[in-house]
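What follows is each chain in one-letter form.
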Amino acid sequence: MPDLDLSGKTAIVTGASKGIGFAIAASIARSGANVVMCARNASELEEAAARLDALASGTVLGRPCDLREYDEVRRLVDFTIEHFDRVDILVNNAGVGAFAPVDDIDVETWRQVIETNLNGVFYACRESIPHMRRRGSGWIINIGSLAGKNPFAGGAAYNASKFGLLGFTEAMMLDVRHDGIRVSCVMPGSVATHFSGPGSHGGKSASAADWKLQPEDIAEMVLDLLAFDSRALPSRIEMRPSQPPKK
Ligand code: NAP
């Protein structure tokens, strides 16, 4: 397959300062698109955007945004339109984990997980879809998780957010498919990032996590999706490490 050319397109990638989001933003930028990256920590984001801008043929900009705040998400999309006049690709990647039995989850933690992993995705889609509809095309790729179909003890908050995200994503796909907007949910298993979750190496040596998927694996899947002909829509993609430790 020839290298994907996204020149002239614009993508928003959320949670792009590190981990999976950074790898996705890098792949899209290398394919020639303009990219707007967001995260809350402004200095980390600025540094990440500068690294990608240096290697991209398009323009890469960092825009700090807390996705839990609707007005901030609205300003993120407005910022993208002001700079590039279009949103062709929206990758809702940002997410947080919190893992404890239900009666040990404090209310603020519950809110943080649901408001980031679910509300924030809704806000970004709600603001981006009119711009995609205006051009008659677009692609929304939501980064879910195998935790969106497999419940586990201690996962109530995270499972709820990712099960909810899968339902949201598939219903939205039916809402917008006839407007030329494609919607997919990529559902990875364990990925070697600093995300804190069961089986995560969160800060420990990466070699302890050699069996895991790498962020670049998820980025490759996103680029593969974007390369599909407009008649085709892979809507739910499960990705897992091929050889996890035997139980
Ligand atoms: P990560 O390394 O912890 O990165 C998370 C990114 O999201 C960071 O850029 C973070 O930046 C940003 N973020 C968090 N809360 C945010 C908010 N309220 N507003 C804006 N940005 C926010 O995580 P990751 O492992 O790459 O995970 C990315 C996605 O993949 C998540 O949706 C996660 O659920 C999913 N996933 C991960 C794994 C895994 O094993 N790692 C497996 C399956 C699915 P700031 O902190 O500066 O905001």
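Above this text you will find the structure in question.
Residues numbered from 1 in each chain as written. Predicted model: local features only at pLDDT ≥ 70, side-chain atom pairs only at ≥ 80, totals over all residues. Heavy atoms only, no water.

**Some words on the pattern of salt bridges**
A full pass over the atoms with the stated rule returns 13 salt bridges. For Arg51, the salt bridge identified is with Glu47, shortest N-O distance 3.7 Å. Placement of both Arg51 and Glu47 in helix H2 (residues 42-55) is noted, with a separation of four residues, approximately one turn of the helix. The salt bridge involving Asp66 is made with Arg68; its shortest N-O contact spans 2.8 Å. Using a relative accessible area of 15% as the deciding quantity, one classes Asp66 as buried. Because the salt bridges share partners, they merge into one network encompassing Asp71, Arg74 and Asp78. (Salt bridge = Lys/Arg side-chain N within 4 Å of Asp/Glu carboxyl O. Helix = DSSP H or I, 4+ residues; strand = E, 2+ residues; numbered from the N terminus. Buried < 20%, exposed > 50% of the residue type's maximum accessible area, 1.4 Å probe, protein only.)

**Description of the packing of aromatic side chains**
Applying the stated criterion across every chain yields a total of six aromatic pairs. With a centroid separation of 5.2 Å and an interplanar angle of 65 degrees, the aromatic rings of Tyr70 and Tyr123 are classed as edge-to-face. With Tyr70 in helix H3 (residues 70-84) and Tyr123 in helix H4 (residues 107-135), the pair connects residues that are 53 residues apart, well separated along the chain. Between Phe122 and Tyr123 the ring centres are 5.9 Å apart and the planes differ by 55 degrees, which places this aromatic pair in the tilted class. Accessibility expressed as a relative area gives 16% for Tyr123, which makes it buried. By the ring-pair criterion, three or more aromatic residues cluster together here, those being Tyr70, Phe122, Tyr123 and Phe168. (Phe/Tyr/Trp six-rings, centres within 6.5 Å; stacked < 30°, edge-to-face > 60°.)

**Here we look at the site of the ligand**
Neighbouring residues of the ligand: 29 residues in total, closest Ser17, Arg40, Asn93, Tyr158 and Thr193. One of the backbone N or O atoms of Cys65 is found 3.4 Å from a nitrogen atom in the ligand. Starting from 890 Å² of accessible surface for the ligand in isolation, the protein chains cover 93%. Among the elements of the structure, helix H1 (19-30) and helix H5 (156-176) are those that each provide at least two residues to the shell around the ligand. Its residues assigned to classes, the shell around the ligand comprises twelve nonpolar, twelve polar and five charged. (Near = heavy atom within 4 Å. Polar contact = N/O pair within 3.5 Å; in protein donor to acceptor, adjacent residues only side chain to side chain. Areas by Shrake-Rupley, 256 points an atom, 1.4 Å probe, with all protein chains shown as cover. Nonpolar A, V, L, I, M, F, W, Y, C, P; charged D, E, K, R; others polar.)

**Regarding the pairing of strand E4 (residues 89-92)**
Look at any regular strand and the pattern is simple: side chains alternate between the two faces of the sheet. The alternating pattern of E4 places Ile89 and Val91 on one face and Leu90 and Asn92 on the opposite face, and all of these are buried. With three bridges connecting them, strand E1 (residues 10-14) and E4 associate as parallel partners. When the bridges of E4 are listed, Ala11 appears paired with Ile89. Pairing analysis gives four bridges linking E4 to strand E5 (residues 138-143), with the strands arranged parallel. The residue of E5 that forms the bridge with Leu90 is Ile140. Handedness of the crossover is the feature at issue here: the chain leaves E4, passes through H4, returns alongside E5, and the resulting connection is right-handed. (Pairing = 2+ DSSP bridges. Right-handed = clockwise from strand over helix to strand, strands pointing away.)

**Structural notes on the environment of Asn92**
Tracing the backbone through its elements, the reader meets Asn92 in strand E4. A relative accessible area of 3% means that Asn92 is categorised as buried. Along the chain, Asn92 and Ser137 lie 45 residues apart, while their C-alpha atoms are 17 Å from each other. Sequence-distant contacts of Asn92, that is, excluding residues within four places in its chain, are made with Thr14, Val121, Ala124, Cys125, Ile140, Ile141, Asn142 and Ile143. (Contact = heavy atoms within 4.5 Å.)

**Some words on H4**
Between its first and last C-alpha atoms H4 spans 41 Å; for 29 residues at 1.5 Å apiece the expected length is 42 Å, and the two agree. Taking the largest bend as the criterion, H4 deviates by roughly 40 degrees, centred on Glu115. Looking at the residues trailing H4, positive phi occurs at Gly136, about 75 degrees. (Expected span 1.5 Å × (residues − 1). Bend = angle between axes of the 7 residues up to and from the residue.)

**Remarks on the side chain of Ser145**
Structurally, Ser145 is set in the loop between E5 and H5. For Ser145, a relative accessible area of 10% gives the class buried. Here Ala147 takes part through its backbone nitrogen, which lies 2.9 Å from a polar atom of the side chain of Ser145.

Read these as spatial facts, not as claims about activity.
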